[in-house]
Amino acid sequence: MSAAPVLALRGISKRFGAVQALTEVDLEVRAGSVLALVGDNGAGKSTLVKTIAGVHPIDDGTLEWEGRPVTVARPQDAQHLGVATVYQDLALCDNLDVVANLFLGREATRGKVLDEVAMEKRAQELLDSLSIRIPSVRIPIASLSGGQRQVVAIARALVGDPKLVILDEPTAALGVEQTAQVLDLVERLRERGLAVILISHNMADVLAVADQVAVLRLGRNNGVFDVADTSHEEIISAITGATENAVTRRKARTTEAAQ
Amino acid sequence: MSDTQPGKQPGQSPAAADQAPAEAEGTTKTTVPAPAGPVDAGAPATDALTPVDPRLLVREQGFAGYLTDFKRRIKGGELGSIPVLVGLVVIWAIFETTTGRFLDPSNLTNIAQYIVGPGLIATGIVFVLLLGEIDLSVGSVAGLTAALTSVLAVKQDLNEGLAVLLGLLAAGAIGALHGFFFARIGVPAFVVTLAGFLGWSGLQLYVMGNTLSINNISGGVVQGLNNTYFSDIAAAYGLALVAVAAHLGSQLLDRKRRRAVDLPHRPLSEVLLRSGVVAVLAFATAWMLNQESGLPLGLTVFVGVVVLAAFVLKRTSYGRQVFAVGGGVEAARRAGINVVWVRISVFTISGFLGGLGGLFIASQAGVADSNLGGGDTLMLAIAAAVIGGTSLFGGRGTPWSALIGILVIQSIMTGLYMSGSSSDAVQSMITGVVLLAAVVIDSVSRRTQKTAGRA
Ligand SMILES: Nc1ncnc2c1ncn2[C@@H]1O[C@H](COP(=O)(O)OP(=O)(O)OP(=O)(O)O)[C@@H](O)[C@H]1O
Ligand SMILES: [Mg+2]
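Residues numbered from 1 in each chain as written. Chains lettered and ligands numbered in written order. Predicted model: local features only at pLDDT ≥ 70, side-chain atom pairs only at ≥ 80, totals over all residues. Heavy atoms only, no water.

Looking up chain B in an unreviewed UniProt entry gives the name Xylose transport system permease protein XylH, with the organism given as Streptomyces albidoflavus. Quoted verbatim from the Function (unreviewed entry) field of the UniProt record, the comment on chain B reads "Part of the binding-protein-dependent transport system for D-xylose. Probably responsible for the translocation of the substrate across the membrane." In UniProt, chain B has this text filed under Subcellular location (unreviewed entry): "Cell membrane". (UniProt positions renumbered as here; feature names shortened; annotations may be inferred.)

As named in an unreviewed UniProt entry, chain A is Sugar ABC transporter ATP-binding protein, taken from Streptomyces odorifer.

Listed below in structure tokens is the structure:
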């Protein structure tokens, strides 16, 4: 693995009014590797992603990009660095069509005029590579199914030329085939030397593609594990904060019942 | 990479065909290269590579296709400008039968004169409505601009061209100021522009001093705005020809580029039909204008502004950003759009067009008076934009709605005047009913679109 991480977070804190969403969080992600970020609901994963993406400016701590400290105050700053983000809430414009959404903020132009033909062609190719079928790339996002929207949001992250791709629960609404395609995509991104942060509640997905798993618990770091030499149970107990937890109890119950 | 296996394409199930959502209003109507064409033996792969979902609505060729398409649009609540165009035809028919001279070229030219000022103001309002906001100040800005310009030119003896320029600059700056308070400070646009509505009409009275009205300089710039005609018949016909040629040319070019890269494109018959409709409208208007005094400068400016606005909104990144902010502020912000700048610029445009409209109103009236831009100016401008089909909910609409809407309103006013029932009371009531009808259509179509999964 290369020397300086693409992105390093040092002691990031973020507060929303009375809620301390993140406390002194550290995180490093390297080129050509997939970092899974896991944690229970409300652990602060999405908040962390949004601070990296410039949606919420951080209160404390530093962001380092390829070894240099940077300030990310607006989404544009993150985009210029080369961060592409797929948000949990997708952040698509309902009134615009698929092509317009894919290229929003970086439209292809000929002279000063939008190059709709080039954009539509590229949109077709991107969506085909994710094997999603959409009735037409010229219908508004509002008329797509949840999964179709999610794929559009994912495809959008690939339009630019990012160095770091952040996927916040990208497979939550997807069918079997599309989920497999997204996991394939994550692996392709890694092969191309990109850094990937993947958030998911699905342990099987995480263990299938991630190199490392960072656990967040109640807004704090709760361990970083190499997938190669960590068991499923260790990660679960880091997430829940106890070796004795709902997951192990349930497992014990069901194995008991089976005997 | 994913390969598309030919076997994986779900069969062309006819049952699925009517489930696919309909086309969006204003987007390209697509037609898939006809599957009925001669099938290349031994090339089933081409079918699998067609980048089009089998459930995509394929419009039948020819007239039947238009009919089914039309029915589908009505069901899906995508009426666009259809109801108002039908309404306009009905209004014209009613007044023609009751007065017998409503459709005379002299009367229509007269209407074409009156719509310019309010229409320009309404065009500015369309930009603001697209953001999902409202600008209540445009009437006052129109009045202030007219007052400022004539005071500078008449009382201060400034060069009139310079005075016009300063007036328009002031209008744009005022709009920018509203935009600043709204976008930067976060005051609701409704309140900022309400303050502007009061404040700027106060300033209008203040700059006019104790004069109630100032006559336009005879033979001057302002007087010329709405009273200049290009009386050579070549002017109107020439402009119509240029418009039709540009429309046809751009459509053909677009079709050629799409065909070259195998994207769905319009059939030639549809391209010709569309350009044919434009040609009929353009040449009928030109003919009508040439029967009377020729091509009016005012109408040319107004239509020019509408065309330019439509081009900017539909074909440039800036326009895309306006629609994006109107469709979802947070999504637009996260896409890296400078929301503050988009908002300020839109209010600047609205202020500027308000001012320009004010000058045309002053030109039409012959004077800049102290209640120019007051009364129902603001309400009519907003009503025009909404009647024409621009949504009050943001993210949906076109500058053409300003033209169509103001045409409807002015037709009603002129028609009532001609039938002798032109009390302010009747006019206001009828315009109120028309506006209500427009808003009801807007809301209902939004709801239908929601249930059809399209809002
Ligand atoms: N905009 C906001 N304003 C106030 N509080 C917020 C905001 N966004 C998040 N929070 C709070 O921050 C905490 C972390 O939320 P976050 O969305 O990051 O969780 P998460 O780990 O992504 O959870 P999930 O797995 O459910 O997506 C929560 O307690 C939430 O209430
Ligand atoms: Mg989350």
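A. The arrangement of the overall build of chain A in detail. In terms of helices and strands, chain A carries 9 helices and 12 strands. Relative to a compact globule of 259 residues, whose C-alpha radius of gyration would be 18 Å, chain A shows 19 Å and is just as compact. Dimensions of chain A, computed from C-alpha atoms along their principal axes, come out at roughly 65 × 50 × 40 Å. Relative to its full complement of 259 residues, chain A shows a buried share of 56%. Considering only intrachain contacts with a sequence separation of at least 6, the fraction spanning at least 24 residues in chain A is 63%. With an accessible surface of roughly 10,800 Å², chain A has 49% of that area assigned to carbon and sulfur atoms. Charge-centre separation for chain A: the mean point of 27 positive side chains lies 3 Å from the mean point of 33 negative side chains. (Helix = DSSP H or I, 4+ residues; strand = E, 2+ residues; numbered from the N terminus. Rg over C-alpha atoms; globule rule 2.2 N^0.38 Å. Buried < 20%, exposed > 50% of the residue type's maximum accessible area, 1.4 Å probe, protein only. Contact = heavy atoms within 4.5 Å. Areas by Shrake-Rupley, 256 points an atom, 1.4 Å probe, with all protein chains shown as cover. Lys, Arg positive; Asp, Glu negative; His and termini not counted. Charge placed at Lys NZ, Arg CZ, Asp CG, Glu CD.)

B. Representation of the environment of A:R220. Residue and element names in this part refer to chain A. In this structure, R220 sits in strand β12 (residues 220-226). C-alpha separation for the pair R220 and A155, spaced 65 residues apart in sequence, amounts to 31 Å. Discounting residues that sit within four places of it in the chain, R220 has contacts with T23, V25 and V215.

C. Looking closely at helix α13 (residues 297-315) of chain B. Residues and elements named next belong to chain B. Counted at 1.5 Å a residue, the expected span for α13 with its 19 residues is 27 Å, and the 26 Å between its end C-alpha atoms agrees. Every buried residue of α13 is accounted for by G298, L299, F302, V305, V306, A309, A310 and L313. For α13, the angular spread of the buried residues around the axis is 130°, confining them to a single face. (Expected span 1.5 Å × (residues − 1). Arc of directions from axis to C-beta.)

D. Just the sheet that holds strand β2 (residues 19-29) of chain A, in detail. All names here are of chain A. Taking strand neighbours across the sheet as the criterion, the 4 strands line up as β2-β1-β4-β5 in an open arrangement whose pairing is antiparallel. Strands at the two margins of the open sheet, each flanked by one partner only, are β2 and β5 (68-70). Taken over all neighbouring pairs, the strand axes of this sheet differ in orientation by 30° on average, direction set aside. Here strand β1 (residues 7-16) runs beside β2; their pairing, made up of 7 bridges, is antiparallel. Note on β2: the bridge partner recorded for K14 is L22. (Pairing = 2+ DSSP bridges. Axes fitted to C-alpha atoms, helices over the stretch in contact; angles between N-to-C directions.)

E. The sheet that holds β12(A), seen in detail. Residues and elements named next belong to chain A. Pairing within the open sheet is mixed, and its 6 strands lie in the order β6-β9-β10-β3-β11-β12. What marks the edges here is a single partner per strand, and that holds for β6 (83-86) and β12. Each adjacent strand pair in this sheet contributes to an overall mean axis angle of 15°, direction not counted. The sheet contact formed by strand β3 (residues 34-38) and strand β10 (residues 195-199) spans 4 bridges and is parallel. Bridge pairing links V34 to V196 in β10.

F. Quick look at the interface of chain A and chain B. If you look at the interface, chain A gives 45 residues, while chain B gives 42 residues. When chain A packs against chain B, close to 3,900 Å² is buried across both sides, 55% of that on carbon and sulfur atoms. By the criterion of area lost to chain B, the three top residues of chain A are A:V117, A:R133 and A:P135, representing 16% of everything that side buries. At the boundary of chain A and chain B, one finds 4 salt bridges. Taking the shortest distance from any N to any O, the salt bridge between B:R258 and A:E120 comes out at 2.5 Å. Inspection of the region where chain A meets chain B yields 12 residue pairs in polar contact (both at pLDDT 80 or more). (Buried area = accessible area lost by both parts, 1.4 Å probe. Salt bridge = Lys/Arg side-chain N within 4 Å of Asp/Glu carboxyl O. Polar contact = N/O pair within 3.5 Å; in protein donor to acceptor, adjacent residues only side chain to side chain.)

G. Spotlight on the packing of α13(B) against helix α14 (residues 317-327) of chain B. All names here are of chain B. It is at 5 Å that the axes of α13 and α14 come closest, and there the two elements cross at 75°. Regarding the angle of α13 to α14, the classification is roughly perpendicular. For the pair α13 and α14, contact is made by V312, L313, K314 and R315 and by S317, Y318, G319, R320, V322 and F323, respectively. When its residues are assigned to classes, the contact of α13 with α14 shows 5 nonpolar, 2 polar and 3 charged. (Parallel < 35°, antiparallel > 145°, perpendicular 65-115°, else oblique. Nonpolar A, V, L, I, M, F, W, Y, C, P; charged D, E, K, R; others polar.)

H. Seen up close, the pairing of β3(A). Judged by how many residues are buried, β3(A) sits mostly within the fold: 5 of 5 residues are covered. Burial along β3(A) is two-sided: the face carrying A:V34, A:A36 and A:V38 and the face carrying A:L35 and A:L37 are both buried.

I. The site of ligand 1, seen in detail. All names here are of chain A. Ligand 1 sits among 14 residues. The nearest are G42, K45, S46, T47 and H201. A distance of 2.8 Å is found between an oxygen atom of ligand 1 and a side-chain nitrogen or oxygen belonging to H201. Burial of ligand 1 by the surrounding chains reaches 63%, relative to a free accessible area of 630 Å². Counting only elements with at least two residues in the shell around ligand 1, the list comes to β2 and α1 (45-53). Here the shell around ligand 1 gets 3 residues from one element, more than from any other, and that element is α1. Here the residues of the shell around ligand 1 are counted per class, giving 4 nonpolar, 7 polar and 3 charged. (Near = heavy atom within 4 Å.)

J. Representation of the coordination of the magnesium ion (ligand 2) within the structure. The protein atoms that coordinate the magnesium ion (ligand 2) are A:S46 (OG) and A:Q88 (OE1), at distances of 1.9 to 2.1 Å. Pair noted here: A:S46 is in helix α1 and A:Q88 is in the loop between β6 and α3 (98-102), with a separation of 42 residues, a long-range link. (Donors = N, O, S within 2.8 Å, 3.2 Å for Na, K, Ca; no water.)

K. Examining the environment of B:D135 more closely. Residue and element names in this part refer to chain B. As for its position among the elements, D135 is in the loop between α6 (116-130) and α7 (138-155). In this structure D135 comes out as buried when scored by relative accessible area, which is 1%. When the C-alpha atoms of D135 and A309 are compared, they prove to be 18 Å apart, with 174 residues separating the residues in sequence. Aside from chain neighbours lying at most four places away, what touches D135 is I125, V128, T193, F347, S350, L378 and I382. Among the polar contacts listed, one links the side chain of D135 to the side chain of S137, at a separation of 2.7 Å. Polar contacts involving the side chain of D135 include one to the side chain of S350, which spans 2.8 Å.

L. Highlighting the pattern of salt bridges. Under the defined criterion, the tally for this structure stands at 20 salt bridges over all chains. Across the pair A:R138 and A:D97 runs a salt bridge whose closest N-O atoms are separated by 3.0 Å. Here A:R138, found in the loop between α4 (116-129) and α5 (146-157), pairs with A:D97, found in the loop between β6 and α3; they are 41 residues apart in sequence, far enough to count as distant. The exposure class assigned to A:R138 is buried, which follows from its relative accessible area of 4%. Salt-bridge contacts for A:E116 lead to B:R320; the nearest nitrogen and oxygen are separated by 2.7 Å. Placement of the pair is A:E116 in helix α4 and B:R320 in helix α14, with the two residues belonging to separate chains. The pair formed by A:E116 and B:R320 is uniform in burial state, with each residue classed as buried. Members of the salt-bridge network, linked through shared partners, are A:D97, A:E116, A:E120, A:R138, B:D254, B:R258 and B:R320.

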